[in-house]
Amino acid sequence: MEVCVTTEFPFPARRVWAVLRDFGNQDYLSSLFYKVETQGRGIGMTRSLYRRGDDTPSIHRLDVLDDERMHLAYTVLQVRVVPTDQMRADLRLQAEGREHCSGVLTWTLSPPADFDEGELHAILLTFTEALAQQLNRYLASGGDRR
């Protein structure tokens, strides 16, 4: 199953990309995750994201990091958001002029046969929108320039 979410950012693509490409430094997610732990650097590195009220992290492994194409992809090794044991995220950022860009995040996963796909789509859409809102707030506050 694939769920594709497109998000608009009122910021230059290179500025948004500079935050997103830093896979281990997720300051912009601090209101959603209270702790981020990383192991390694570059392709193959992992990050563990801890949500407030949950001591079991979501663990992501970086699989693709292409600065020229502003593309990153990661495998979710330990899933906490939806009921699946296989999940991948593929993010592509596209400049839409000098001061605007869009991001397309495609989630690929294998949900249990008895799980409602509409509910799963709603969960991933809500989660992705929350991530985008946090990134927009972070950039608007100048968090990337501190």
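Anything mentioned here points back to the structure above.
Residues numbered from 1 in each chain as written. Predicted model: local features only at pLDDT ≥ 70, side-chain atom pairs only at ≥ 80, totals over all residues. Heavy atoms only, no water.

Undergrad: Whenever I open this one, the overall build of the protein confuses me. Can you help?
TA: Helix and strand counts for the protein come out as two helices and seven strands. Shown N-terminal to C-terminal, the secondary structure of the protein runs as helices and strands in the order β-α-β-β-β-β-β-β-α. Taken over C-alpha atoms, the radius of gyration comes to 15 Å for the protein, in line with the 15 Å a tight globule of 146 residues would show. The 146 residues of the protein split such that 42% are buried. Counting contacts in the protein only where the partners sit at least 6 residues apart, residues at least 24 apart contribute 48% of the total. For the protein, the exposed area adds up to about 8000 Å²; of that, 46% sits on carbon and sulfur atoms. Put simply, the protein has 17 plus and 21 minus side-chain charges, and the middle of one group is 8 Å from the middle of the other. (Helix = DSSP H or I, 4+ residues; strand = E, 2+ residues; numbered from the N terminus. Rg over C-alpha atoms; globule rule 2.2 N^0.38 Å. Buried < 20%, exposed > 50% of the residue type's maximum accessible area, 1.4 Å probe, protein only. Contact = heavy atoms within 4.5 Å. Areas by Shrake-Rupley, 256 points an atom, 1.4 Å probe, with all protein chains shown as cover. Lys, Arg positive; Asp, Glu negative; His and termini not counted. Charge placed at Lys NZ, Arg CZ, Asp CG, Glu CD.)

Undergrad: What should I look at first to understand the nonpolar core in this one?
TA: Grouped together as the largest cluster of nonpolar side chains are 37 residues, with contacts concentrated most on Val16, Leu20, Met87, Leu93, Trp107, Leu124 and Leu135. Put simply, the parts of the chain that give this core at least two residues each are β1 (2–9), α1 (13–20), β5 (71–78), β6 (87–95), β7 (101–109) and α2 (117–140). By residue number, the principal contributor to this core is α2, which donates seven residues. (Core = buried A, V, L, I, M, F, W, Y, C linked by side-chain atoms within 4.5 Å.)

Undergrad: Help me understand the sheet that holds β6 in this model?
TA: As a general point, the strands of a sheet are linked pairwise by backbone hydrogen bonds and lie either parallel or antiparallel. Taken in spatial order, the seven strands line up as β1-β7-β6-β5-β4-β3-β2 in an open sheet, and their pairing is antiparallel. The sheet is open, and its two borders are formed by β1 and β2 (33–39), each paired with just one other strand. Ignoring which end each strand starts from, the neighbouring axes of this sheet average 20° apart. Of the strand pairs in this sheet, β2 and strand β3 (residues 46–51) are connected by six bridges, and their pairing is antiparallel. Residue pairing across strands places Phe33 opposite Arg51, the latter belonging to β3. Those strands touched by α1 are β1, β4 (58–66), β5, β6 and β7, and its axis lies near 155° from that of β6. Contacting β1, β2, β6 and β7, α2 crosses the sheet at an angle of about 25° to β1. (Pairing = 2+ DSSP bridges. Axes fitted to C-alpha atoms, helices over the stretch in contact; angles between N-to-C directions.)

Undergrad: In this structure, what is going on with α1? I would like to understand it.
TA: What sets the pattern is the α-helix's 3.6 residues per turn: residues three or four places apart point alike. In terms of residue burial, α1 counts as a mostly covered element, since six of its eight residues are buried. Those residues of α1 that sit buried are Ala13, Arg15, Val16, Trp17, Val19 and Leu20. As for α1, its buried residues are in contact with β1, β4, β5, β6, β7 and α2.

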